[in-house]
Amino acid sequence: MPNLNPQDYQAIWLSFQVATCATLLSVPLGFAMAYFLAFSRIPGKSLIDGLINLPLVLPPVVVGYLLLLGFGDRGFFAPLLRALDLRIIFTMKGAVLASMVVGFPLLVRALRIGMEEIDPRLILASRSLGARWWDCLLSVIVPLSLRPLLAGMTLMFARSLGEFGATIILAGNIPGLTQTIPLAIYDYTNTPGGDSMALTLCLVSIVLSLLVLLVSDRLALRVRKGVTR
Amino acid sequence: MKLEMQVRKRQGDFELDLEFCVEGERVGLFGPSGSGKSTAASLLAGLVRPDQGLIRLDGETLFDSARRISLPPERRGVGVVFQHAHLFPHLSVRGNLLYGWKRTPAHLRRIELESLCDVLDIGALLDRGVNSLSGGERQRVAMGRAVLASPRLLLMDEPLTGLDETLRHQIISYLGRIGREFSIPMLLISHSLLEMRLMTDSVLELASGRLQSTTTPEELARRRLGSNRAGYINLLRLDSPLEEDGLWRYRWGDRELVMTAGKAGDGEALVELSSKDITLFKRHPEASSARNMISCRVKSLFEIGSRVGVELDCGGEVLIGQVVRAAARELDIAPGREIVAVIKASAFRKLV
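Bear in mind that the values here come from a model prediction, so they are computed numbers and not experimental data. (Residues numbered from 1 in each chain as written. Chains lettered and ligands numbered in written order. Predicted model: local features only at pLDDT ≥ 70, side-chain atom pairs only at ≥ 80, totals over all residues. Heavy atoms only, no water.)

Details of the overall build of chain A
When helices and strands are counted, chain A shows 11 helices and zero strands. Walking chain A from its N terminus toward its C terminus, one meets helices and strands in the order α-α-α-α-α-α-α-α-α-α-α. Taken along the three principal axes of its C-alpha coordinates, chain A extends 70 × 45 × 30 Å. A buried classification covers 47% of the 229 residues belonging to chain A. (Helix = DSSP H or I, 4+ residues; strand = E, 2+ residues; numbered from the N terminus. Buried < 20%, exposed > 50% of the residue type's maximum accessible area, 1.4 Å probe, protein only.)

Okay, here's the thing in structure tokens:
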């Protein structure tokens, strides 16, 4: 099996960075959105739910293209980005953004299902014991949502590691800058004699994904132990 | 405690329309399931909002639709104990107990953890996780959690349903201790007449979302004499058990009762006796297979349907018997008359 070259290591490191950033950046908004979907009772909720879940069913290429339209040089957000001196397309930020949008529904879905399983009487008990709503959120809902949060983060992280379609359109395939593992594999398969390198990266991908699952399982066990003691 | 409620709440096909003003330290909200008891409780605790109305506790307005007042649950000072304890699964017993205590301003705290643990016997559980507790322990911790928040009113929504009989009476005695030690007014919600009689002094009777009557548990029990198949249930507190020939002799006031059920060494006992199991004789029957022949004086009579309830004074203790109208005539039962109540030893049912 051929050894990995520096460019491959870069791709692996970049994949890890992108997935980590995308997951961590999504947590606050994902939590807020799941809380809203689980506990609010306003009309139009199912529409919002549908919009959030859309990237799950749309081809990632479509998501990437829409993001390009929005964040490109003549896109809807272009003036805002210029004002902030931010460049999204063809940068690592683009890769992170693409992963965030595509993985977000997975995070919200897992969190929401978890939150809906919290017995509403626990929330009522907390309120009647003197907790304001934010206090109840921090002392009851957040601790009881840790496991679903972990599950959602795992799913999202894994999804980000494998993100291809939206990334290649929004961030391009620039080695060392936006080329993550899947994009590198794509490059190798298009290069004569690159098959073995592609296979090596596939193996790396499998190992990484397995690691994520194992770590997540271990963490979930600890959270559960913390809960039941 | 003085509680005023005048509320209306629609929930699907069900409409709750209540209006009452009640005073007392031990009040019951009684009615069959679906009568709106729990809805009324949720309205009081601020967990559900009335469509319209007014709720006032000890002169303070908790809700007033006309003046657009609606205190959030955390400011009502109403502690809630649910049917299933609903302890926080991520906290230890101590964490659960102190949840409300920590959120109560220091100058409003009246009860400390140590004294609560003594009253409820939960000191040994403090560092346990709540998922390893038994049903009775869970309910005690839930009561303790509510009490430690020093509420103005302890609202208990069917706290004993789902517990077996032994546990139920154990919890009842703990609740009694809470009431005595910490003098917290209680509002008990239940469909059990026995619980009403053991734990409340006045009762609001609900049926299909309306107030039927404001009454006493005793009155409620007597009213059932005509309709309930079991008749009126006498609750007798006995003590000093003594075994004799396979039967148990208990002291009841200055009399003695002989029964088949009993247990040595447990001192006091609470015993049920149906009014139907008491036979009245004009004169002492001298010999009878029944083991109890108690001379007593007729205190009063009350008619319910075709039955006549007879209130008997047995040396200061009260016993309620029942006869049909014709029997009352033939025996010439009237207040002040001496009479003999005959009860079989097997008629008593021991609760505690």
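Observations concerning a negative patch on the surface
Together, B:Glu112, B:Glu114, B:Asp118, B:Asp121 and B:Glu181 make up a negatively charged patch on the protein surface. Structurally, B:Glu114 can be placed in helix α3 (residues 113-120). (Patch = residues over 30% accessible without salt bridge, like charges linked within 9 Å, V, L, I, M, F, W, Y side chains within 5 Å. Areas by Shrake-Rupley, 256 points an atom, 1.4 Å probe, with all protein chains shown as cover. Salt bridge = Lys/Arg side-chain N within 4 Å of Asp/Glu carboxyl O. Lys, Arg positive; Asp, Glu negative; His and termini not counted. Charge placed at Lys NZ, Arg CZ, Asp CG, Glu CD.)

Section: the environment of B:Gly309
Summarising the element assignment, B:Gly309 is placed in strand β18 (residues 307-314). C-alpha separation for the pair B:Gly309 and B:Val324, spaced 15 residues apart in sequence, amounts to 8.6 Å.

Digging into a nonpolar patch on the surface
A contiguous nonpolar patch, built from A:Leu47, A:Leu51, A:Leu54, A:Leu56 and A:Val57 and spanning about 500 Å² of accessible area, is present on the exposed surface. Within the secondary structure, A:Leu47 is located in helix α2 (residues 45-57).

Remarks on the sheet that holds strand β20 (residues 338-343) of chain B
All names here are of chain B. One open sheet holds the five strands; their spatial order is β16-β20-β17-β18-β19, and the pairing between them is antiparallel. Lying at the two open borders of the sheet, with one neighbouring strand each, are β16 (278-281) and β19 (317-324). Recorded for the sheet is a direction-independent mean angle of 45° between the axes of neighbouring strands. Examined bridge by bridge, β18 and β19 share eight bridges and lie antiparallel to one another. Pairing of Val 308 across the sheet is with Val 323, part of β19. (Pairing = 2+ DSSP bridges. Axes fitted to C-alpha atoms, helices over the stretch in contact; angles between N-to-C directions.)

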